Number of protein chains: 2
Amino acid sequence: MDESTPRSLRLGLLYSGGKDSTLAALLLEDFYDVTLTTATFGVTDDWTYARDTARSLGFTFEKLELDPDVATEAVETIRTDGFPRNGIQRVHQHALERLAGMDFDAIADGTRRDDRVPTVSRAQAQSLEDRYDVDYIAPLSGFGRQAVDRLVESTLDVTVGPSEEITRADYEAELRALIAERDGEAALGSIFPAHEQTHVTGVQDWNR
Amino acid sequence: MDESTPRSLRLGLLYSGGKDSTLAALLLEDFYDVTLTTATFGVTDDWTYARDTARSLGFTFEKLELDPDVATEAVETIRTDGFPRNGIQRVHQHALERLAGMDFDAIADGTRRDDRVPTVSRAQAQSLEDRYDVDYIAPLSGFGRQAVDRLVESTLDVTVGPSEEITRADYEAELRALIAERDGEAALGSIFPAHEQTHVTGVQDWNR
C-alpha cells in the first residue's frame, strides 16, 4: 500500500472513554486511521462503556484482551504495596505490549506530561518501538494539566465525578473488583486514593 | 470571551518553516486559533521564508523580534564551546520567553521526543507556565523520529538538503552569519556539524 495516501497509517489507541484518551483520539484522527481499543481482563463489563462512547464518536473499536495472570500479579503488587501505582503501571505496560503485537503501524495512549501513573519513559517508548517494530505515540505528553483541561472544556462534553461512581474503563475498575473480591469493599478506600474520573459523553459539534 | 466557543484559545507557535514546526501547526490548528511566529535577531532575512510558507499554508503570521544581546551572548558561548548546542538552547529559551510575554493563551514549539537540542524539560515547561501564566505545549514531544518522518511523508511536501543550502528560519542561520562575520566562513564547518534541514513547500491537499 502506498504510504503517502491519506490516513494510510493504522494506529491503535488505548481508550478508556475518559477525557484524556478521547482528546488523544481527536488529536490523531486527521493523521491516522485510528482504532480505539479498550483493555479488559474479562473481570467486569466496564469496557463496554468505552466501546459505546467510541462508537458514538464514530471511531472504529476493538476490545483488547489482557492476560489474567498479569491481573493476578498486579493485584498482589497493589495489596503488598498498599497503593495502586506499581500495579497499574505493570498493567499499562502489558496493555501496550498486547497492542503493539497487533497489526498497527503505530500505537498510542493518553498519558499527559504531568501524569504520575501510568507513565512511559523515553527509554520504555524506544524499547517498545524496537521490540515490536511499531511507532509509540503519546500525543498528550507535551500538554500540561491546565492545557488539557482548557482543551477538554472547549472540545468535549464530559461527566465528572468520584472514581467509584463514574462508568469508564481504565484498569482501575477491574483491579478494584478483584481486590474487593479478596479483601472486601472496605479495603478499597485505604488503597485507592479518592480522585475525580471523567466519562466523555460527546464531542462539541463544531469540532467534527 | 466565552472560552467554550470554537478555537477561542489563542496559541503562538515558534515556526521555522521546517517539517517539525509545520507538523506541530497542523496538529494544533483544529483546537486553537494558531499564529505562527518566527524569531529573528534582525541579522538576516531568513525569517521571510518561514513567513511565506506560513502564509501559503493559510496561517496567521507574526515576526518575533529577539534581543540582540542574546545573540551576542549565544555567539560567544558557541565560539568558546566549539559546538552550537548550548548557544542554540539559550536562544530557544529566550524566544519562548518572548513569545510567552505576548498576548497568547498558549505557546508551543516543534520539539520532538528524540531531539537533542533545543529541549524543554518538564521543569522548564512548568516554570515558563508559572512565570508567564500561559500554557506551554510541545505537540510533537510524544512522537519519535520515525513517527514524525512517516507523518511528514503522508502529510507534507518537503524539500530536504544540507543545512547550509536550505532556506528556512531557525536560529542557526543567523548565528552562523554572526560567527562567519567574526571568524570567517571557514570557521563554520568545524562548529556546526553537517545535518539535513527541511523546508516545507506545501501540505498535501487531502489534509486541509
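Quick caveat, the model's predicted, so the values are computed rather than measured. (Residues numbered from 1 in each chain as written. Chains lettered and ligands numbered in written order. Predicted model: local features only at pLDDT ≥ 70, side-chain atom pairs only at ≥ 80, totals over all residues. Heavy atoms only, no water.)

## Structural notes on the pattern of salt bridges
Pairing of side chains with opposite charge becomes possible as their charged atoms draw close.
For step 1, the next point in the chain: Across all of its chains, the model carries 32 salt bridges over all chains by this definition.
For step 2, the next point in the chain: Here Glu73 of chain B and Arg90 of chain B are joined by a salt bridge, their closest N and O atoms 2.8 Å apart. Of this pair, Glu73 of chain B sits in helix α3 (residues 68-81) while Arg90 of chain B sits in helix α4 (residues 85-100), placing them 17 residues apart in sequence.
For step 3, the next point in the chain: Classification of Glu73 of chain B as partly exposed rests on a relative accessible area of 38%.
For step 4, the next point in the chain: In this structure, Arg176 of chain B and Glu172 of chain B form a salt bridge, with 3.5 Å as the shortest nitrogen-oxygen distance. One end of the pair is Arg176 of chain B and the other is Glu172 of chain B, both in helix α7 (residues 171-183) and four residues apart, which spans about a single turn. In this pair, the class of Arg176 of chain B matches that of Glu172 of chain B, namely buried.
For step 5, the next point in the chain: Several salt bridges converge on common partners, so that one network encompasses Lys19, Asp20, Arg112, Asp115 and Asp149 of chain A. (Salt bridge = Lys/Arg side-chain N within 4 Å of Asp/Glu carboxyl O. Helix = DSSP H or I, 4+ residues; strand = E, 2+ residues; numbered from the N terminus. Buried < 20%, exposed > 50% of the residue type's maximum accessible area, 1.4 Å probe, protein only.)

## Quick notes on α3 of chain B
Residue and element names in this part refer to chain B.
For step 1, the next point in the chain: Its 14 residues place the ends of α3 20 Å apart at the C-alpha level, agreeing with the 20 Å of an ideal helix rising 1.5 Å per residue.
For step 2, the next point in the chain: Here α3 has its buried residues at Val70, Ala71, Ala74, Val75 and Ile78. With its buried residues spanning 135 degrees around the axis, α3 presents them on a single face. Turned more than 90 degrees off the buried face of α3, the exposed positions are Asp69 and Thr80. (Expected span 1.5 Å × (residues − 1). Arc of directions from axis to C-beta.)

## A few points about the confidence of the model for chain A
For step 1, the next point in the chain: Of all residues in chain A, 90% attain a pLDDT of 70 or more, and the chain-wide mean is 89.
For step 2, the next point in the chain: Confidence drops under pLDDT 50 across residues 1-5 of chain A; counting only partners more than four residues distant or on other chains, this segment forms ten contacts. (pLDDT = per-residue confidence, 0-100. Contact = heavy atoms within 4.5 Å.)

## Structural notes on the environment of Tyr136 of chain B
For step 1, the next point in the chain: Tracing the backbone through its elements, the reader meets Tyr136 of chain B in strand β5 (residues 135-137).
For step 2, the next point in the chain: Sequence separation of Tyr136 of chain B and Asp109 of chain B is 27 residues, and the distance between their C-alpha atoms is 8.4 Å.
For step 3, the next point in the chain: Filtering out sequence-adjacent residues up to four positions away, Tyr136 of chain B remains in contact with Arg113 and Gly142 of chain A together with Leu96, Ile107, Asp109, Thr111, Val120, Ala125, Leu128 and Glu129 of chain B.

## Some details on the nonpolar core
For step 1, the next point in the chain: Ranked by size, the top nonpolar core spans 64 residues in total, and within it Tyr32 and Phe143 of chain A together with Tyr32 and Phe143 of chain B carry the most contacts.
For step 2, the next point in the chain: Ranked by size, the runner-up nonpolar core spans 32 residues in total, among them Leu14, Leu175, Leu178 and Ile179 of chain A. (Core = buried A, V, L, I, M, F, W, Y, C linked by side-chain atoms within 4.5 Å.)

## Details of the sheet that holds strand β4 (residues 106-108) of chain A
Residues and elements named next belong to chain A.
For step 1, the next point in the chain: Taken in spatial order, the five strands of this open sheet run β3-β2-β1-β4-β5, and their pairing is parallel. The sheet is open, and its two borders are formed by β3 (60-65) and β5 (135-137), each paired with just one other strand. Averaged over all pairs of adjacent strands, the angle between their axes in this sheet comes to 30 degrees, without regard to strand direction.
For step 2, the next point in the chain: Direction of pairing for strand β1 (residues 10-14) relative to strand β2 (residues 33-40): parallel, over a ladder of five bridges. Residue pairing in the sheet places Leu14 in a bridge with Thr37 of β2. (Pairing = 2+ DSSP bridges. Axes fitted to C-alpha atoms, helices over the stretch in contact; angles between N-to-C directions.)

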